[in-house]
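A structural walkthrough
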Amino acid sequence: PDHVARFTLDPAFTVGEVNPRLFGSFVEHLGRCVYTGVFEPGHPSADEAGLRTDVLDLVRELGVTAIRYPGGNFVSGYRWEDSVGPVEDRPRRLDLAWRSTETNRFGLSEFMAFLKKVGPEAEPMMAVNLGTRGVAEALELQEYANHPGGTALSDLRVAHGDKEPFGIRLWCLGNEMDGPWQTGHKTAEEYGRLAAETARAMRQMDPGLELVACGSSSQAMPTFAAWEAKVLEETYDLVDHISLHAYYEEKDGDRDSFLASAVDMESFIENVVATCDHIGARLKSKKKINLSFDEWNVWYQSRFEAEAAENPLDWPEAPRLLEDSYSVTDAVVFGSLLIALLRHADRVTVACLAQLVNVIAPIMTEPGGPAWRQTTFHPFAQAARHGRGEVLDVRVDSPTYRTAVHGDVPLLQATAVRDPRTGAVTVFAVNRSQDRPLPLRVALGGMDLGEIVEHTVLSDADPDARNTLDEPDRVTPHPGEGAVLAGSALSVTLEPLSWTMIRLA
Ligand code: AHR
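These numbers were taken from a predicted model, which means no experiment stands behind them.

Looking at the pairing of strand 10 (residues 241-248)
Within a regular strand, the side chains alternate between the two sheet faces. Most of strand 10 is tucked away, with seven of its eight residues classed as buried. Two elements, strand 9 (residues 210-213) and strand 10, share two bridges in a ladder whose sense is parallel. Bridge pairing links valine 212 to histidine 241 in strand 10. Taken together, the seven bridges between strand 10 and strand 11 (residues 290-298) define a ladder with parallel strand orientation. Residue pairing across strands places histidine 241 opposite asparagine 290, the latter belonging to strand 11.

Shown next as structure tokens:
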């Protein structure tokens, strides 16, 4: 009855520790993610390797960790050997996934050099092609990338100028193999067997690898759950993670349901955890399979269909594809998805924001022109920076609202992360109400917190406001007002349709 949301923070009740890989992202050979995105020789900001330093600066500011590469649907036709060696000898190929021409001017070595420049937390998450290829090619790529030397393929890498092995630990066994759109799409039985054979062989070369088996492309796939069960039966002892992918968009003007997208994400996570643990129990395994939510975002797929229809016979180089522009509303939903991932940090140990630049991305560029931050950049950068440590078990007591798709949904979506070294706590909160402020009371049971260090809010009088080439900083977080820390409680009023971060020390 009273319009107030509440929760209690208690260091004795935790979900688990945040794996830095929760703040991963994704670079696919798709549209302008690579070409004129991260890589644009001749751009005024390009370094000697052709990497855009304006983009590199923003990638560092965003704070991404594991970066998945080279796809995505692209990987199902990927010929890794085309992407290495002298650039002038690299072939141009048809990319069936995105009906584009792949020039291979940017390849594995360039990607590894890019990661190095991003910084010490940047880690490759390399996918192998299990669409048109199989065990042998995965092994060849692994040998080329990771073996120190003294064999044909490792010596080839050295001859190509990369003396040190790349040391790639984290590998995806294909991509979205449950999707009928996928080149080389497979049944769960076919994929499960191939993934198991590939995993076994890759581990023969290096038992220390971490492997991700493909789960479902979304919770709405008709094969969802049965797919995970079958794939895990085949691969349980051979892999470490199963993947989840989810994209959300506002459909038919139903903003209330769109704002509740994290409800779907949380149920997806909980359903996959249940399947993993069920199969583990049936196999009498002591091992737990973790979740790699390696594609997530807001994506207006409806726009993509329109783009694709425009050019049915073209095979362009780096076309403008999937260049969604994100509003304040999108950023609030995006923030709630980040919160959903953090709330399951005990089992979601890898997550990749799809994607990094230009393609459904937090960073946009113009060829020859500037780079800028989309609205979604801000919640991600704040969470990647301050969402480190232990996630506290936040049980929200919140007024609800009615949605057509998800039923009654709490107006508040929230989590809190505690730095175990300092005891500092960061609260992330979303108010889903489109028109009403939401008073929030947080009881700080037994925690020695005396100061609000930072309080920022992403919201706007215009919920459709966005950042563009002409107005790149139209939407940025602003300082929050009125938060009070007194008597072992935090009181604050969350603005309508907002993402809020409050740091307490
Ligand atoms: O991220 C865009 C595409 O979405 C990826 O290539 C694919 O895996 C998914 O369907």
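Description of the domain arrangement of the protein chain
Examined at the domain level, the protein chain breaks down into domain 1 (5-10 + 393-504) and domain 2 (19-386). One C-alpha centre belongs to domain 1, the other to domain 2; they are set 30 Å apart. Listed by contribution, the elements that provide at least two residues to the side of domain 1 that touches domain 2 are strand 16 (400-403), strand 18 (412-418), strand 19 (425-431) and strand 25 (498-504).

A look at the nonpolar core
Counting 151 residues, the largest nonpolar core has Trp171, Leu173, Leu356 and Ile363 as its most contacted members. The greatest single-element share of this core, amounting to 11 residues, is contributed by helix 10 (residues 328-343). Of the residues that make up this core, three or more belong to each of domain 1 (5-10 + 393-504) and domain 2 (19-386).

Description of the sheet that holds strand 25
Ordered by their spatial adjacency, seven strands build an open sheet running 2-15-18-19-25-21-22, and the pairing between neighbours is antiparallel. Here the strands that pair on one side only, and so sit at the sheet edges, are strand 2 (14-17) and strand 22 (478-479). The sheet contact formed by strand 2 and strand 15 (residues 390-392) spans three bridges and is antiparallel. Among the inter-strand pairings, threonine 14 is bridged to a residue of strand 15, identified as leucine 392. Contacts from helix 10 reach strand 2, strand 15, strand 18, strand 19, strand 21 (452-458) and strand 25, with the element oriented near 50 degrees to strand 18.

How each quantity is defined
Residues numbered from 1 in each chain as written. Predicted model: local features only at pLDDT ≥ 70, side-chain atom pairs only at ≥ 80, totals over all residues. Buried ≥ 20, exposed ≤ 12 C-beta atoms within 10 Å, placed from the backbone. Helix = DSSP H or I, 4+ residues; strand = E, 2+ residues; numbered from the N terminus. Pairing = 2+ DSSP bridges. Domains from an automatic or database assignment. Core = buried A, V, L, I, M, F, W, Y, C linked by C-beta atoms within 7 Å. Contact = placed C-beta atoms within 7 Å. Axes fitted to C-alpha atoms, helices over the stretch in contact; angles between N-to-C directions.

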